Amino acid sequence: MPESAQKKRNYEINNVLERILDQNPQIVISRIELFTEVYYPIAILEIEMNETTFEDFDLIPLSILRFVDAGVTTAGEIAGLMGLSPGYVQKLLDLLMGYGYLGGNGLTPLGAKSLEMEKKISRNKVRQKFQADALTGDLLHIGQQPMDIDLIRKDRTIRNIAHMPHIEGISMEYLNRQFREGKLTDYKKYRGDILNANVEQILRVECVDLQYVKAYLIKMQGVQVPFIITNQYDSSKKDFKERFAWQPIRMPDPRAYSEYGFDRRIQCYSEESVKAVENLYSLVCRRIVDIDEKAIRDILEKIYPFRFDTMDISTGRLLNGIPEQIAVYVNDTSFPVWDSFVFQFLSKYDPVRGYFCTHSRLMGLFVRFESQNAAVRKAAKAVQRAVKKYGRKELTAYLREQCGREELDLKKIPELTEAFAQTRAEM
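The rules behind the values
Residues numbered from 1 in each chain as written. Predicted model: local features only at pLDDT ≥ 70, side-chain atom pairs only at ≥ 80, totals over all residues. Heavy atoms only, no water. Salt bridge = Lys/Arg side-chain N within 4 Å of Asp/Glu carboxyl O. Helix = DSSP H or I, 4+ residues; strand = E, 2+ residues; numbered from the N terminus. Buried < 20%, exposed > 50% of the residue type's maximum accessible area, 1.4 Å probe, protein only. Phe/Tyr/Trp six-rings, centres within 6.5 Å; stacked < 30°, edge-to-face > 60°. pLDDT = per-residue confidence, 0-100.

A few words now on the pattern of salt bridges. The final tally for this structure, using the stated rule, is 18 salt bridges. With a shortest N-O distance of 3.8 Å, E12 and K214 are connected by a salt bridge. Taken together, the residues E12 in helix α1 (residues 3-23) and K214 in strand β7 (residues 198-220) connect sequence positions 202 residues apart. Since its relative accessible area comes to 32%, E12 is described here as partly exposed. Between R307 and E407 there is a salt bridge, and its shortest N-O distance comes to 3.1 Å. Of this pair, R307 sits in the loop between α9 (293-303) and β10 (312-314) while E407 sits in the loop between α12 (393-403) and α13 (413-425), placing them 100 residues apart in sequence. Classification of R307 by relative accessible area gives partly exposed; the value is 27%. Judged by relative accessible area, which is 60%, E407 ranks as exposed. If you follow the salt bridges from partner to partner, you end up with E46, E48, R127, R204 and E206 in one network.

Tallied over the entire structure, the rule returns 26 aromatic pairs. Consider the rings of W338 and F343, whose centres lie 6.4 Å apart with planes at 65°: the pair is edge-to-face. Using a relative accessible area of 10% as the deciding quantity, one classes W338 as buried. An angle of 85° between the planes, with centres 5.8 Å apart, marks the rings of F345 and Y355 as edge-to-face. Of this pair, F345 sits in helix α10 (residues 340-348) while Y355 sits in strand β12 (residues 355-358), and the two are ten residues apart along the sequence.

The subject of this paragraph is the confidence of the model for the chain. Summary statistics for the chain give a mean pLDDT of 83 and a share of 89% for residues scoring 70 or more. The secondary structure element of the chain with the lowest average pLDDT is helix α6 (residues 172-181), at 72, and the one with the highest is helix α11 (residues 374-390), at 95.

Structure representation (structure tokens):
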């Protein structure tokens, strides 16, 4: 993978983590044991079905049905009572017969039902596309569906990111049961195909494509099996910004719904998926065992050109041989040059928890940066105060311009943020 693409990927991982934490405050980063990318399989199903639709009846055809039901059946009789030409009425009678509302003996059962409901009822054979969870065969409801733009064909996925398995087929019986037991409006898509009424019978199912959505496996302390979270779209929300939410697509432990405040309308627990998630977690853990201290140092060099002689790097080992969160102790001389990482570190640093970030080569582990250094803490406090008051964009540009490519002195950051505040006051 080109270096620019690798940097973009690592930025995306940390940016996604930040958005997940913002939307789900019950997820505390210090309790996350593992956070890593996975590809989750989504089946695109084309389903041919008999479907019933309901539309408003025009007044004249509806009146003709009423006359026929009352025993007035000829075009001449109806035309005389309605003040219309017999030829026009005959065309409407033929049309209603073609729709199946009239037969040789008057109203058909379909015509009687249409008259009773005062709706034009149509039974049609239609084809519609739906998204389904290819791990379990469950149709995805509103609020669970990823955007089409987020779906990726397998030949365009990154090979060293784990791919969740998928089942080989979905039975018509299982799909019919889902339609019978659920509300059809649950399966509306945000554009295109919409179920108008109820499905009477599924005639044929074809998986026209198998695609993947970028998802994230999260293993929390105290929860035995990880859950998998994706960015989902809910077209039923009025506020456009609220339509996008990071919610679980697969939750092996249903108790985590209440613990982490997830939307309980989205039920995504199934016993058959637990084994698949456990297997994926085991695979990731086996990869983590290969990350030694030299590999960690190499990864840190990818994150930022630290002065390693000023830092302490501590890696523990869990009972199963998997490294714990990697602790890195820094001071004000650990940062030789200004970089976007330095701004992110200062703007997010917490004096108690430190600052967490990850990297794709860490296979889901975190680096926790800590510091007892007074200059680091003062710089972080000054940057965070300025961000809260003025936002990130202009402050980032100002600090980048002032610090340039010269040797960075974190002791000067509070002065620079004060100077930035003065420039804003003079505007």
